[in-house]
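An overview of the molecular structure
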Amino acid sequence: MKTAARLLLGGLAVLWLFGLACGGPKPKPDPVLIAESKRLASQGSYWYDRGCYDRAERYFFQAMETSRLLDDLPGMLRARNNLGAAALGLGRYDEAAEHLNKALELNRDVDSRSEASLIYGNLAGLAFKVGRAGEAESLWRRAIGEAERDKARTGLGLHLTNLGVFYRKTGRLAEARTVLDRALALAVQNKDVRGQAAVHVELGLIASEERDLTRAQQHVSVALDLDKQAENPAGIAYDLEQLGLIYQRKKQWSDAARELDRAIRLYGALADGQAVARVYGLIKANRAAGSSPGSLGPYERLLKASEGNTTSILCQ
């Protein structure tokens, strides 16, 4: 299991949540197998959203096979896209490409603009992961274009945020801020708390790169509050890590130690070994520069424990 990354691949899967409509005549119920496919897809989305990609993958596969029994192309399309996102989260890039390209083929018959938007967004994340930056930018722009022409504007905020992250990571800070400001306005309009948090932390990172540490701290602190409201543990851990970094740059060693301690322990609970190792490095640097914390022993034990832990507490 790999914990959901905060940046590009944090919410790339389609979240197929099937609620009840209010008002009007009672809708005709779905056929039994289609209803079961939707239930399986919704269950997969639940686990995907918690970063449990391997568990999500099993439900998405069952959803696809159930849809196949009725040759339900929309259901198969959604399942393929979701399987691609799960494989992407698991780091199986060839498999992700196979699922996502198959989804594009299916969409030639289904012709869903909202599905196209989500598929192109996932393909953009894949291209970025394998080092094809130019292709990633083009695909995110295509995903945004499809979403803008979709009445529901499906995925638009996510694609804008990911494009903003891409611009920041490639040093195009002014372009990043422009895109992220638009993403933030959309997240506020849609009352998307998690989306607002993702944008605020990115704006904080931009401010930090511009050496405006006061503004950076303000943005990341807002992100932390929002992620707590959204009950997003991976986001909380990332926000705490970034606050620790900001305090280090301000040479506020005890404040940095406090935030980094909370971050590394949360990453440990999420079984994100790479993040644990990364924050451990920050804690070592913090101690060397500011004599805080007093001992690295507890963190060394946490680092060692994380090496054999692959199951997040959220996936148990």
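The shown structure was predicted, so the numbers you read here are calculated from the model rather than taken from an experiment.

A few points about the confidence of the model for the chain
Mean pLDDT for the chain: 91, with 91% of residues reaching 70 or above. In the model, residues 1-22 has pLDDT below 50 throughout and makes 73 contacts with residues more than four positions away in sequence or in other chains.

As for the packing of helix α3 (residues 73-89) against helix α5 (residues 113-129)
Between α3 and α5, the least distance of the axes is 10 Å, while the angle of their chain directions is 20°. Classified by the angle their axes make, α3 and α5 are roughly parallel. For the pair α3 and α5, the crossing hand works out as left-handed. Contacts from Leu77, Arg78, Asn81, Ala85 and Leu88 of α3 reach α5 at Glu115, Leu118, Ile119, Asn122, Gly125, Leu126 and Lys129. When its residues are assigned to classes, the contact of α3 with α5 shows six nonpolar, three polar and three charged.

Comments concerning the domain arrangement of the chain
Structurally, the chain comprises domain 1 (146-228) and domain 2 (267-316). Averaged C-alpha coordinates put domain 1 and domain 2 at centres separated by 27 Å.

Comments concerning the packing of aromatic side chains
The geometry of an aromatic ring pair comes down to the distance between the two centres and the angle between the two planes. Under the counting rule described, the total for this entry stands at six aromatic pairs. Pairing Tyr48 with Tyr53 gives two aromatic rings, centres 4.9 Å apart and planes at 50°, and the pair type is tilted. A residue is classified by how much of its surface remains accessible, and Tyr48, at 3% relative accessible area, is buried. Ring geometry for Phe166 and Tyr167: centres 5.9 Å apart, planes at 55°, overall tilted. Its relative accessible area of 1% is what places Tyr167 among the buried residues. Ring pairing ties together the aromatic residues Phe128, Trp140, Phe166 and Tyr167, which thus form one cluster. Across the ring face of Trp47, the terminal group of Arg55 is positioned such that the distance to the ring centre comes to 3.9 Å.

Concerning the state of the cysteines
Considering all chains together, one arrives at one disulfide under this definition. Disulfide partner of Cys52: Cys315, at an S-S distance of 1.9 Å. Here the disulfide of Cys52 and Cys315 is left-handed, its torsion about the S-S bond being about -95°. Here Cys52 is found in the loop between α1 (32-49) and α2 (53-69), whereas its partner Cys315 is found in the segment after α14 (297-307), with 263 residues between them in sequence. Assigned by exposure class, Cys52 and Cys315 land together as buried.

Concerning the pattern of salt bridges
Evaluated as defined, the whole model comprises 24 salt bridges. The shortest N-O distance in the salt bridge between Arg92 and Glu57 comes to 2.3 Å. Remark: Glu57 occurs in helix α2 and Arg92 occurs in the loop between α3 and α4 (93-110); sequence separation between them is 35 residues. A salt bridge links Glu175 to Arg172; the shortest N-O distance between them is 2.9 Å. Taking relative accessible area as the criterion, Arg172 reaches 25% and is therefore assigned partly exposed. Through salt bridges with shared partners, one network takes in Glu137, Arg141, Arg172 and Glu175.

Some details on unusual backbone geometry
The phi dihedral of Asp111 falls on the positive side, at around 55°, and the residue is not glycine. Within the fold, Asp111 resides in the loop between α4 and α5. Asp111 gets classed as exposed once you look at its relative accessible area, which sits at 64%. Notably, Lys251 is not glycine yet its phi reads approximately 60°, a positive angle. By the secondary structure assignment, Lys251 is in the loop between α11 (233-249) and α12 (253-269). By relative accessible area, Lys251 is classed as exposed at 60%.

So, the nonpolar core
Formed by 37 residues in total, the largest nonpolar core has its most connected members in Tyr120, Leu123, Leu160 and Leu163. Counting residues per element, the ones that place at least two in this core are α3, α4, α5, α6 (133-149), α7 (156-169), α8 (173-189) and α9 (193-209). Leave out the neighbours within four places in its chain, and Leu123 touches Leu100, Asn101, Leu104 and Leu139. Counting residues in each nonpolar core, the second largest holds 29 residues, with Val201, Ala223, Ile264 and Tyr299 among its members.

Analysis parameters
- Along each chain, the written sequence defines residue order, and numbers are assigned to residues from 1.
- Totals for whole chains, interfaces and linings use every residue, but because this is a predicted model, local features are given only for residues with pLDDT of at least 70 and side-chain atom pairs only at 80 or more, for both listing and counting.
- Note that the side-chain values use all heavy atoms of the structure and ignore hydrogens as well as water.
- The predictor attaches a confidence to each residue, called pLDDT, with possible values from 0 through 100.
- In what follows, residue pairs with any heavy atoms lying within 4.5 Å of each other are defined as contacts.
- Axis lines are fitted to C-alpha atoms, over the contacting stretch for helices. Their N-to-C directions set the angle, which ranges from 0 to 180 degrees.
- A helix here means a DSSP run of H or I that spans at least four residues, while a strand means a run of E at least two residues long, and both kinds are numbered starting from the N terminus.
- Should an angle lie under 35 degrees it is considered roughly parallel, over 145 roughly antiparallel, and from 65 to 115 roughly perpendicular; all remaining angles are considered oblique.
- Each crossing gets its handedness from the near helix: less than a right angle anticlockwise from the far helix is left-handed, clockwise is right-handed.
- Asp, Glu, Lys and Arg are counted as charged, while Ala, Val, Leu, Ile, Met, Phe, Trp, Tyr, Cys and Pro are counted as nonpolar; the rest, among them Gly, fall into the polar class.
- As used throughout, domain bounds are those supplied by an automatic or database domain assignment.
- What counts as a ring pair is set by centres within 6.5 Å for rings of Phe, Tyr and Trp (its six-membered ring), and what kind of pair is set by the plane angle: stacked under 30 degrees, edge-to-face over 60, tilted for all other angles.
- Partly exposed describes any residue whose relative accessible area lies between the buried limit of under 20% and the exposed limit of over 50%, with all areas from a 1.4 Å probe on protein chains only and scaled to the type maximum.
- For a lysine, the NZ atom is tested; for an arginine, the CZ atom; a charge sits over a ring if that atom is within 6 Å of the ring centre and within 35 degrees of the ring normal.
- When two cysteine sulfur atoms are found within 2.5 Å, that pair is recorded as a disulfide.
- The term salt bridge refers to a pairing of a side-chain nitrogen on Lys or Arg with a carboxyl oxygen on Asp or Glu at a separation within 4 Å.
- For the purposes of this section, nonpolar cores are sets of buried Ala, Val, Leu, Ile, Met, Phe, Trp, Tyr and Cys residues that join through side-chain atoms within 4.5 Å.

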